[in-house]
Amino acid sequence: QVQLVESGGGLVQAGGSLRLSCAASGSIFRTNNMGWYRRASGNQRELVAIITRGGTTKYADSVKGRFTISRDNAKNTVYLQMNSLNPEDTAVYYCNAGSFSFSVAGPYWGQGTQVTVSS
């Protein structure tokens, strides 16, 4: 059974930083892309960033230059470093696993972690 355990969300002022973590089951982590998505209130879930098992990354235009996705293969953990946060980044952030494509999310989701950016 695949498990994704997220942590690191919270409340931060505009301009601040947060780092999200997602610990994954070993098998899914080693063989698939890992990604972060988010859903703001009233909106659909959208891609934030993806990292392949080889380390290639892709970002949403809205977060390029501010967010960095990375993975620690020894810890089966993927991170999302979020800098220069603004209120538009407020959302529930979800870890995703099991994808082999940049355009299609995998079937496995974390429980979500709330990120709130105050102005």
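Refer to the structure presented above.
The paragraphs below set out a description of the structure included in this document. (Residues numbered from 1 in each chain as written. Predicted model: local features only at pLDDT ≥ 70, side-chain atom pairs only at ≥ 80, totals over all residues. Heavy atoms only, no water.)

To continue, consider the packing of aromatic side chains. Summed over all chains, the structure comprises two aromatic pairs. Where Tyr-37 meets Trp-109, the ring centres are 5.1 Å apart and the plane angle is 70 degrees; that geometry is what we call edge-to-face. You can see Tyr-37 sitting in strand 4 (residues 33–39) and its partner Trp-109 sitting in strand 10 (residues 108–109), a full 72 residues away along the chain. Given the relative accessible area of 30%, Trp-109 is considered partly exposed. Measuring from centroid to centroid gives 6.4 Å for Tyr-94 and Trp-109, while their planes differ by 90 degrees, and the two rings are edge-to-face. Here the residue Tyr-94 occupies a position in strand 9 (residues 91–99), and Trp-109 occupies one in strand 10, the gap between them amounting to 15 residues. A relative accessible area of 14% means that Tyr-94 is categorised as buried. (Phe/Tyr/Trp six-rings, centres within 6.5 Å; stacked < 30°, edge-to-face > 60°. Helix = DSSP H or I, 4+ residues; strand = E, 2+ residues; numbered from the N terminus. Buried < 20%, exposed > 50% of the residue type's maximum accessible area, 1.4 Å probe, protein only.)

One non-glycine residue, Asn-76, lies in the positive phi region at around 50 degrees. Residue Ser-84 is not a glycine yet carries a positive backbone phi of 50 degrees. Relative to the assigned elements, Ser-84 resides in the loop between strand 8 (77–82) and strand 9.

This part is about the side chain of Thr-52. With respect to the helices and strands, the residue Thr-52 is situated in the loop between strand 5 (46–51) and strand 6 (57–59). Leaving out residues up to four positions away in the same chain, Thr-52 has contacts with Asn-33, Arg-71 and Phe-102. (Contact = heavy atoms within 4.5 Å.)

Glancing now at the environment of Val-48. Looking at the element boundaries, Val-48 is found in strand 5. Taking the C-alpha atoms as reference points, Val-48 and Cys-22, 26 residues apart in sequence, are found 14 Å from one another.

With that out of the way, let us pick up the sheet that holds strand 3 (residues 18–24). Within a sheet, adjacent strands bond to each other through the backbone by hydrogen bonds, running parallel or antiparallel. One open sheet accounts for four strands, arranged 1-3-8-7; its pairing is antiparallel. Edge positions in the sheet fall to strand 1 (4–7) and strand 7 (67–72), since each has one partner strand and no second. Neighbour-to-neighbour, the strand axes of this sheet turn through a mean angle of 15 degrees, independent of strand direction. (Pairing = 2+ DSSP bridges. Axes fitted to C-alpha atoms, helices over the stretch in contact; angles between N-to-C directions.)

Once that is clear, we can look at the nonpolar core. If you look at the biggest cluster of nonpolar residues, it comprises 27 residues, and the most contacted ones within it are Met-34, Trp-36, Leu-80, Met-82 and Tyr-93. For this core, the elements supplying multiple residues, two or more each, are strand 3, strand 4, strand 5, strand 7, strand 8, strand 9 and strand 11 (113–118). Here Tyr-93 is in contact with Glu-6, Leu-20, Trp-36, Tyr-37, Arg-38, Val-48, Phe-67, Leu-80, Met-82, Gly-112, Thr-113 and Val-115, once residues within four sequence places are set aside. (Core = buried A, V, L, I, M, F, W, Y, C linked by side-chain atoms within 4.5 Å.)

This part covers the environment of Phe-102. Following the sequence through the fold, Phe-102 ends up in the loop between strand 9 and strand 10. Sequence separation between Phe-102 and Ile-51 is 51 residues, and the spatial gap between their C-alpha atoms is 8.8 Å.

Now for the pairing of strand 11. Residues Thr-113, Val-115 and Val-117 point to one face of strand 11 and are all buried, whereas Gln-114, Thr-116 and Ser-118, pointing to the other face, are not buried. Alignment of strand 2 (residues 10–13) against strand 11, held across four bridges, turns out to be parallel. Bridge pairing in strand 11 places Val-12 opposite Val-117. Pairing of strand 9 with strand 11, which is carried by three bridges, proceeds in the antiparallel orientation. Opposite Val-92, over in strand 11, you have Gln-114 as the bridge partner.

Remember, this is a structural readout, not a statement about activity or role.
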